[in-house]
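Now for the letters of each chain:
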Amino acid sequence: MSITLSEARVVAPDGIHEGWLTIEDGRITHIGRGAAPGNGHSLSGMHVVPGFVDIHNHGGAGASFPSGDPEGARRAAAFHAGHGTTTMLASLVTASPGDLVSATSALADLCADGVLAGIHFEGPYISAERCGAHDPAQLRAPDREELSGLLKAGRGHVRMLTIAPELPDALDVIRDAAAEGVIAALGHSDATFDQTIAGIEAGGTVATHLFNAMPPLHHRDPGPIAALLQDERVTVELINDGVHMHPAMARLAYEVAGAGRTALITDAMAATGVGDGTYVLGTMRVRVEDGVARLVEGGSIAGSTLTMDVAFRRAVRSVGLSLVEAAEICSLTPARVLGLAARLGSISVGKDADLVVLSDDLEVTGVMKRGEWLTEPR
Ligand SMILES: [Zn+2]
């Protein structure tokens with residue numbers, strides 16, 4: 001089956017093409033400028049950007065990935081797909097060994113079905129000093145045996161592990177993860193600059209929400225931020241919601257790391273798309289007020305209520321990036337982190353037709369995944 005989208009502003013890696021694109025069997029087969037050959041589905045000048053790739057997401061629409069409930073997980077994934085996220089990891093939080101194994105094996109089924117692109121363990125091998133909204137009672141030292149059991153439960157679908165590199169045996173666990181094809185992400189960490197460099201040398205390639213849950217930049221004690229931001233091997237995640245960081249800090253990170261090493265994430269939790277109220281994140285109670293999620297006990301920020309379309313829009317409006325740059329950090333760079341950039345992450349001939357249609361004010365009006373409309377633009 002072939003579909004032509006005409007009168008589109010196609011946001012491609014090399015610029016914005018005013019023209020058309022053709023999709024056959026779920027893949028992009030042609031991109032052209034000017035008038036489309038034959039009849040197409042006119043997008044009336046709307047922008048088309050690549051489907052968003054979210055590598056850090058705990059849920060939405062009232063459902064939480066850490067609960068391991070498959071129906072809820074499908075609902076959360078569908079909710080985020082409605083906001084343009086066509087590829088996502090499901091992020092678990094620190095929990096008991098048994099709870100982690102059961103959530104992992106339940107979510108692995110959804111990965112096998114293509115609903116999720118993989119599972120991310122945020123914890124339990126993280127710093128008690130920087131544990132944020134994670135249950136301090138369940139934090140533990142990095143454990144190679146436990147990780148190997150979790151990877152078995154995940155049946156090849158565990159894609160990322162967030163770990164604090166300064167913990168005992170952390171460097172061995174980072175090496176194990178990297179050897180198993182699991183992305184080692186450094187974060188929720190109280191590490192020094194040197195300890196962070198050691199974590200990168202051991203195989204750490206992602207910074208879990210840079211700036212959040214780590215010591216701040218200090219000119220005499222640069223800490224993890226300076227190490228992660230400057231190392232060419234590391235991609236930095238940013239929660240660009242205006243709550244977790246000031247737009248000027250997002251700009252600073254972008255200026256240093258560039259689009260090729262910056263990935264916007266949501267870190268969304270169950271309240272996303274539902275509204276204010278009381279929720280749980282793992283075992284922790286979270287109150288959401290005015291869209292800001294905080295622990296009931298202690299008040300730490302507890303994930304976000306962000307969606308990728310809002311992160312994209314804020315990248316343009318608050319951080320000052322071009323549409324091409326915003327598309328790169330919302331799609332191509334996170335796709336590369338997942339090893340999927342040959343197949344998705346940009347509007348390029350041969351890639352999957354994962355597309356988001358945006359109105360002039362950058363609101364989502366259409367979403368396509370592998371050539372099928374999830375939401376058809378009007
Ligand atoms: Zn998170």
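Note that the structure is a prediction, hence the values are computed from the model and not measured.

Rules behind the numbers
Once a new chain begins, its residue numbering starts again from 1 and follows that chain's sequence as written. Two thresholds apply to this predicted model, a pLDDT of at least 70 for residue-level local features and 80 or more for giving and counting side-chain atom pairs, whereas whole-chain, interface and lining totals are computed over all residues. Only heavy atoms go into the side-chain values, all of them from the structure, while hydrogens and water stay out. Working definition: helices are DSSP H or I runs of at least four residues, strands are E runs of at least two. Numbering for both runs from the N terminus. Under the scheme applied here, a residue whose accessible area is under 20% of the maximum for its type counts as buried, over 50% as exposed, and between as partly exposed, the area being computed with a 1.4 Å probe on protein chains only. What makes two residues a contact is simply this: any of their non-hydrogen atoms within 4.5 Å. Sodium, potassium and calcium take a 3.2 Å donor cutoff, other metals 2.8 Å, and in both cases only N, O and S atoms count; water is not among them, so sites may look incomplete. Between any two strands, pairing holds if DSSP finds at least two bridges. For helices, the axis comes from a line fit to the C-alpha atoms of the stretch in contact; other axes are also lines fit to C-alpha atoms, and the angle between any two N-to-C directions lies between 0 and 180 degrees. Geometry of aromatic contacts follows a simple scheme: Phe, Tyr and Trp rings, the Trp one being its six-membered ring, pair when their centres are within 6.5 Å, and the pair is stacked under 30 degrees between planes, edge-to-face over 60, tilted otherwise. To sort the angles, those under 35 degrees are grouped as roughly parallel, those over 145 as roughly antiparallel, those from 65 to 115 as roughly perpendicular, and the leftovers as oblique. Handedness of a crossing is defined here by the sense of rotation of the near helix relative to the far one, left-handed for an anticlockwise turn of less than a right angle and right-handed for a clockwise turn. All amino acids are sorted into three groups, where Ala, Val, Leu, Ile, Met, Phe, Trp, Tyr, Cys and Pro are nonpolar, Asp, Glu, Lys and Arg are charged, and the leftover types, Gly among them, are polar.

A few words on the side chain of Thr94. Among the structural elements, Thr94 can be located in the loop between strand E9 (85-92) and helix H2 (97-112). You can call Thr94 buried: its relative accessible area is 1%. Apart from the residues within four sequence positions on either side, Thr94 is in contact with Glu122, Gly123, Pro124, Ile126, His134, Asp135, Gln138 and Leu139.

Glancing now at the coordination of the zinc ion. His56 (NE2), His58 (NE2), Glu122 (OE) and Asp267 (OD) make up the full set of protein donors to the zinc ion, lying at 2.0 to 2.2 Å. For the zinc ion, the single-chain donor residues occur in sequence as H-x1-H-x63-E-x144-D. Taken together, the residues span a long stretch of sequence, with Glu122 in strand E10 (residues 118-122) and Asp267 in the loop between strand E15 (262-265) and strand E16 (277-281) at a distance of 145 residues. The exposure classification of Glu122 matches that of Asp267, with both residues buried.

A sheet is described by the order of its strands in space; here 3 strands give the open sequence E16-E17-E18, paired in antiparallel fashion. Looking at the sheet topology across the chains shown, the edges are occupied by E16 and strand E18 (292-295). Across the sheet, the mean angle from the axis of one strand to that of its neighbour is 35°, orientation sign disregarded. Of the pairings in the sheet, the one linking E16 to strand E17 (residues 284-289) comprises 5 bridges and is antiparallel in character. Paired with Val280 across the bridge in E17 is Arg285.

This model, assessed by the stated rule, comprises 1 aromatic pair. Measuring from ring centre to ring centre gives 5.5 Å for Phe52 and Phe312, while their planes differ by 35°; the resulting arrangement is tilted. Of this pair, Phe52 sits in strand E6 (residues 52-54) while Phe312 sits in helix H8 (residues 308-317), and the two are 260 residues apart along the sequence. The exposure class assigned to Phe52 is buried, which follows from its relative accessible area of 0%.

One way to put it is that helix H4 (residues 170-179) packs onto helix H5 (residues 193-202) with a least axis distance of 8 Å and a crossing angle of 30°. By the criterion of interaxial angle, the relationship of H4 to H5 is roughly parallel. When you trace H4 past H5, the crossing you get is right-handed. Across from Leu171, Ile174 and Arg175 in H4, the residues of H5 making contact are Ala198, Gly199 and Ala202. Of the residues belonging to the contact of H4 with H5, the class tally is 4 nonpolar, 1 polar and 1 charged.

With that settled, consider unusual backbone geometry. Note that the residue after Gly123, namely Pro124, is joined by a cis bond; omega there is 10°. Topologically, Pro124 is positioned in the loop between E10 and helix H3 (144-154). Although it is not a glycine, His188 adopts a positive phi angle of roughly 45°. If you trace the backbone, His188 turns up in the loop between strand E12 (183-186) and H5. With relative accessibility at 4%, the residue His188 sits in the buried group. We note that Asp290 has phi near 50°; this positive angle belongs to a residue other than glycine. Assignment of secondary structure puts Asp290 in the loop between E17 and E18.

Our focus in this paragraph is the environment of Val93. Inspection of the secondary structure puts Val93 in the loop between E9 and H2. As for Val93 and Phe121, which are separated by 28 residues in sequence, their C-alpha atoms are 6.3 Å apart.

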